[in-house]
Amino acid sequence: MCAAPCREPTNGARHVPRAAGNPPSPSHAPPPLLYLARPMSAHSSSASNQSSTAQRPTSAAEIRKAFIDFFVSKAGHTFAPSSAVVPHDDPTLLFTNAGMNQFKDVFLGRGKRDYTRAVNTQKCIRAGGKHNDLEDVGKDTYHHTFFEMLGNWSFGDYFKQESIRWGFELLTKVYGLDPNRLYATWFEGNPAAGLEPDLEAKALWESLLPKDHVLPGNMKDNFWEMGETGPCGPCTEIHYDRIGGGRNAAKMVNSGDPDVLEIWNHVFIQFNREPDRSLKPLPAKHVDTGMGLERLVSVIQDKRSNYDTDLWAPVFEAIRARTGARPYGGKLDDHIDIAYRVIADHIRCLTMALTDGASPSNEGRGYVLRRILRRAVRHGHQTLGVRGPFLKDLVPAVVASLGGAFPELAPAAKRVAQLIEEEEVQFGKTLERGLALFSDAAARVKSAGGRTIAAEDAFRLHDTWGFPIDLTQVMAEEAGLTVDVAGYEALMEAAREKSRAAGGSETGMHFPPDAIAKLEELNVKPTDDHGKFAGKPTAATLMAIWNGKNFDEHVEADSSSLLAFIFDKTPMYAEMGGQIADHGTFRTDRAHGHGGDIERASGGNAVYEIEDVQRAGQYVLHIGRLKHGRMSCGEAGQLMLARDRRDAIRANHSATHALNLALRAVAGDEVEQKGSLVDDEKLRFDYAAKAALTLAQIAEVEKRVNAAIDTNLAIDAREVPLAKAREISGVRAVFGERYPDPVRVVSIGATVAELVAKPDSPKWHELSIEFCGGTHLTSMGEAKRFVLVSEGGLAAGVRRVFALTGARALAAQFAAEGLMSRVADAAKLDGEALVTEITDMTKMAESLELGAVARAEFERALEPVREKAKAARKQAEGAARDAAVVQARGIVEEHAKKPAGTPLVAMINGADAAALLAAIDAARAKFADTPILFLSPDFDASKVAIAATCPKSAIDKGLKAGDWVKAAAQACGGAGGGRPDTAQAGGKDPSKTREALDAAEAFAKSKG
RNA sequence: GGGGCGUUAGCUCAAUUGGGAGAGCGAUGCCUUUGCAAGGCAUAGGUUACCGGUUCGACCCCGGUACGCUCCA
């Protein structure tokens, strides 16, 4: 049994061609390898005997398969398919960024699997958040936004020895890598952090590799942490020297040399990082390894760059075919090659993410995707000279290269391409607007004789129009300008700081994994929550009291501190599956049990109010405050949930199921649930659909759900083995969700027994049958009424509806009826009353909860009433204007008798500012060279409107309209102003109209 | 989650310090033309997203709501 010598001397002799220009190969083959692999431990030797004789994997697909096969056959690892790259059940995570994500709950001690060893290739995206490789993509040969992570795991099963030995065996015997080119690092310890060196890993590696290939590493490189808090531990990294040739590359390990690269990391999880930064040993030790497939393939295929492997070739070819660019040349500093790498990487990432249910948007992960798409589009347009949407045409190439490993790609390809195209078109529009803005800024700079685009402009282009700084720079360059980049960076930093400073704080109860372990130590049994569906008052015993840091034996009333109580059993529902938690109380009554206690003096009864219920592993935490008395562990009492709240939640949850079915019937079979939220006030349902619901469709959906309520369909829920449940025709499961086995089936209109008895009956397609662990009504009639209150877009291709049931739905219906009759009555009103009634009803409609259909009907009914008010207003305005003009004509006639050029000052009745201006126009038509000032008192509104115009001749003499009206306005308690040629003003005291007229006359004379 | 920006005629967008809401395209009508393309003249089309506030006066300033874009976490 030998490792390297069995192979032909490929890796050493056939040298890697340099990416940019081929340097001469080394002139010699490496010396024969002297190293002899030590015998594997008995534990690990048997399963892989055939692998040394089997065909060595070379293509990416074979390499991927070999990894999985090795661990499955080697030691009973279970193949756990890649979880979605969009983590549906972990809001703390933007994208799945490591293989261990789907096992996070296991490491945290909150979840269990029915296996202790797992293997897979995980779809990962690193862009945004803690791991952000986006900016590096394209510039080098090994950063990717999307990549596959091969991994194997032990959950409290094997540890360092097996992990390292199997890893070595896989690399050297299955993949045939030269052990003389492998290096391993081990954790050197950190006295400051109280961490011992990992001498076990060191010794293991020294038994496999030459001693000078086994290197110590520090906290940064060899101690892995999941996040600020959480599971962590020392790790050992395996590095590979691409050059080889007998050299010792130890110094290049972890030094950034692209030829000596980390290929596999084995993490030994044995601690938990607490919020106070201290480390606590975990109850069970785990292994978590990760090896980047793309890198491994480049090593095995003996390519210098990840992009030179068969994983990328089809995508590059698609880019070339679509854009007409010259073929990919593999050079690092060539713009066209950079564009190839960026586009290829990004389209892979987008295709995977969109397939798994994400979509570009303006926040969160959708925003990251938008940025990725735009970056790819820019490289395509600027460098490769494409016009119009083109990324969408690359989707099939990604499907072709990865569809084999990820079967979900092909069915989604069409939808994904469409989403990408829409987003490309949208970006085109944004670009156009930004371009116009840039032209403005550039023109300003040039006309001012400058050569530098101001930092403010560059920042605004970026911040408001999404123009990346490098794009602004390129465009400035083309216009012969530069950009104040330093100033721009400063503004960006200031904006970031502002955004950070305003960040909010989180509240809630921290319940770390070792608290769960402690509960087990204390012999507290898992909470029996079988009663949660019935929700009946339950006699329960208080088993543990968690105060946020420790477990207490007793606790005194204190409304300010939040506690978590664990009972032996509970009727309460913990927040899960989009249904919020129950509220309730736990009461003890000591007075009956023990006579003469101190507690008796203080009333005896103790009350714990439960504000939230959460699951932690097998335990149910009842989070709340002790309002009265004192409580101790072991004490018995009564657990009671808030019944009204529970009933409202049940109604909303059952209605959500009925809604799901109705939507499918009305909007098409492709309607797919994307999420839902059920609480005591409303229900919210997100689903994938191409188009918005029309009003008629909303009405139809309501009709169908209400029909289910009116016929009082019975609801049944029962646990069924998962495989059997999946056979039921018409059953719907949520995308990306993991279901337990057995799974609970909730059916409306047929019993679960009937479904299981005849799973393939086509009848079931017309019923709501869902996998669901929530609380439901026993029959639909209890929901009383269903009203869909709003429908809107959440992201491209995703719609969100809100709906009400029960009393709230009836109230919405009642309010709508009231509003409609008011509209009918309003048609009879006119004048001021009509206007205020319209405003009032509009405000009412805004503040009330109304059905979407009712709201639209109200708007439609109100429309003609609005028209009427509008017409009346226009007519009144016109009449006022006409009246003012008529008066003005009379005044003009009178004034014509005076000497030409005499300023005209006069009063007009019943004119507002606009009418006065019309009057002035009429007068000016007659006397083009005469200063004119009109005013009009309005005793009802306690106002005096004033307007004036001055010809140029008067202005030259110092009679400016602005000053003139001011003089008049001051005489009647007002103010005003305007330009020299026309001005308006107003006074507040109509009784002083005479004084105002006199003041105006006097002012004109003083300038005359 | 927190910022920034925007919302004006059917469309694309203007509107100087708060002082009389405009342009181009489109629409409609008429004229010119054998017809088409086009041209000429004229007309209609606005609660300046919505609700409040400040002011003599608000598209403009302030606050709130809705929707959209965008940046940062």
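It should be noted that the structure appears before, not after, this text.
Calculation rules
- Residues numbered from 1 in each chain as written.
- Chains lettered and ligands numbered in written order.
- Predicted model: local features only at pLDDT ≥ 70, side-chain atom pairs only at ≥ 80, totals over all residues.
- Heavy atoms only, no water.
- Pairing = 2+ DSSP bridges.
- Helix = DSSP H or I, 4+ residues; strand = E, 2+ residues; numbered from the N terminus.
- Right-handed = clockwise from strand over helix to strand, strands pointing away.
- Near = heavy atom within 4 Å.
- Polar contact = N/O pair within 3.5 Å; in protein donor to acceptor, adjacent residues only side chain to side chain.
- Nonpolar A, V, L, I, M, F, W, Y, C, P; charged D, E, K, R; others polar.
- Expected span 1.5 Å × (residues − 1).
- Buried < 20%, exposed > 50% of the residue type's maximum accessible area, 1.4 Å probe, protein only.
- Contact = heavy atoms within 4.5 Å.
- 1 Å grid on protein atoms, 1.4 Å probe; cavity = no way out; pocket = protein on both sides within 12 Å on 5 of 7 lines; lining within 4 Å.
- Points joined across faces, edges and corners; volume = space filled by probe spheres on them.
- Axes fitted to C-alpha atoms, helices over the stretch in contact; angles between N-to-C directions.
- Phe/Tyr/Trp six-rings, centres within 6.5 Å; stacked < 30°, edge-to-face > 60°.
- Lys NZ or Arg CZ within 6 Å of the ring centre and 35° of its normal.
- Parallel < 35°, antiparallel > 145°, perpendicular 65-115°, else oblique.
- Left-handed = near helix turned anticlockwise from the far one by under 90°.

A. Focus on the pairing of strand β5 (residues 214-217). In the sheet, strand β4 (residues 182-187) pairs with β5 via 4 bridges, with the strands oriented parallel. Note on β5: the bridge partner recorded for Phe 187 is Gly 217. Between the parallel pair β4 and β5, the chain is carried across by helix α6 (residues 199-206), and the sense of this crossover is right-handed.

B. Here's a closer look at the protein's contact with RNA strand B. Around RNA strand B sit 37 residues in total, of which Tyr 367, Arg 370, Arg 374, Asp 463 and Asp 921 are the nearest. A distance of 2.4 Å separates a base oxygen of RNA strand B from a polar atom in the side chain of Arg 924. Note that a base nitrogen of RNA strand B is positioned 3.0 Å from one of the backbone N or O atoms of Gln 984. Element by element, the count of residues in the surface near RNA strand B is highest for helix α11 (residues 364-383), at 5 residues. By residue class, the composition of the surface near RNA strand B is 6 nonpolar, 15 polar and 16 charged.

C. Local environment of helix α24 (residues 806-826). Over its 21 residues, α24 runs 31 Å from end to end, which matches the ideal 30 Å to within 8%, given 1.5 Å per residue. Of the positions making up α24, those classed as buried are Gly 806, Ala 809, Ala 812, Ala 815, Ala 816, Leu 819, Val 823 and Ala 826.

D. Inspection of the environment of Leu 481 at higher detail. Assignment of secondary structure puts Leu 481 in the loop between α15 (469-478) and β11 (482-483). Those residues within four positions of Leu 481 in sequence are excluded, and the remaining contacts are Ala 442, Val 445, Lys 446, Gly 450, Arg 451, Ile 453 and Ala 476.

E. Geometry of the layout of surface pockets. In this structure, the second largest pocket spans a volume of roughly 1,400 Å³. Lining the second largest pocket we find 36 residues, and of these Glu 135, His 462, Pro 468, Ile 469 and Asp 470 sit closest to its centre. At the level of elements, α10 (335-355), α11, α14 (455-465), α15 and α16 (485-501) are the ones that each hand at least two residues to the lining of the second largest pocket.

F. Quick look at the sheet that holds strand β29 (residues 932-938). Read across the sheet, 5 strands follow the order β28-β29-β30-β32-β31 without closing on themselves; strand pairing throughout is mixed. Edge positions in the sheet fall to β28 (904-907) and β31 (975-978), since each has one partner strand and no second. Across this sheet, the average inter-strand angle for adjacent strands is 10 degrees, counted without regard to direction. The pairing of β28 with β29 spans 4 bridges and is classified as parallel. Following the sheet pairing, Leu 904 is matched in β29 by Ile 932.

G. Main features of the packing of aromatic side chains. Tallying each qualifying case throughout the model produces 22 aromatic pairs. Note on Tyr 115 and Phe 155: the rings are 6.5 Å apart at their centroids and 40 degrees apart in plane angle, and the pair reads as tilted. Taken together, the residues span a long stretch of sequence, with Tyr 115 in the loop between α4 (104-107) and β2 (117-125) and Phe 155 in strand β3 (residues 146-155) at a distance of 40 residues. Residues Tyr 158 and Trp 166 carry aromatic rings whose centres are separated by 4.8 Å and whose planes lie at 75 degrees to one another, so their mutual orientation is edge-to-face. Overall, Tyr 158 belongs to the buried group, its relative accessible area being 3%. Ring pairs connect the aromatic residues Phe 103, Phe 107, Tyr 115, Trp 153 and Phe 155, which therefore count as one cluster. Positioned above the aromatic ring of Tyr 307, the side-chain terminus of Arg 341 is 6.0 Å from the ring centre. One cation-aromatic arrangement involves Arg 744 over Phe 533; the distance from NZ or CZ to the ring centre is 3.4 Å.

H. Quick peek at the environment of Glu 489. Within the fold, Glu 489 resides in helix α16. Looking at Glu 489, the relative accessible area reads 39%, which means it is partly exposed. Taking C-alpha positions, Glu 489 is 9.7 Å from Ala 458, a pair spaced 31 residues apart along the chain.

I. Representation of the packing of helix α21 (residues 695-710) against helix α26 (residues 852-895) in the model. Where α21 contacts α26, the two axes come as close as 9 Å, and the packing angle between them is 140 degrees. Considered as vectors, α21 and α26 are oriented oblique to each other. Our pair here, α21 against α26, has a crossing hand that is left-handed. Residue-level contacts link Leu 695, Ile 698, Ala 699 and Glu 702 of α21 to Ala 852, Val 853 and Ala 856 of α26. Residue classes in the contact of α21 with α26 are distributed as 6 nonpolar, no polar and 1 charged.

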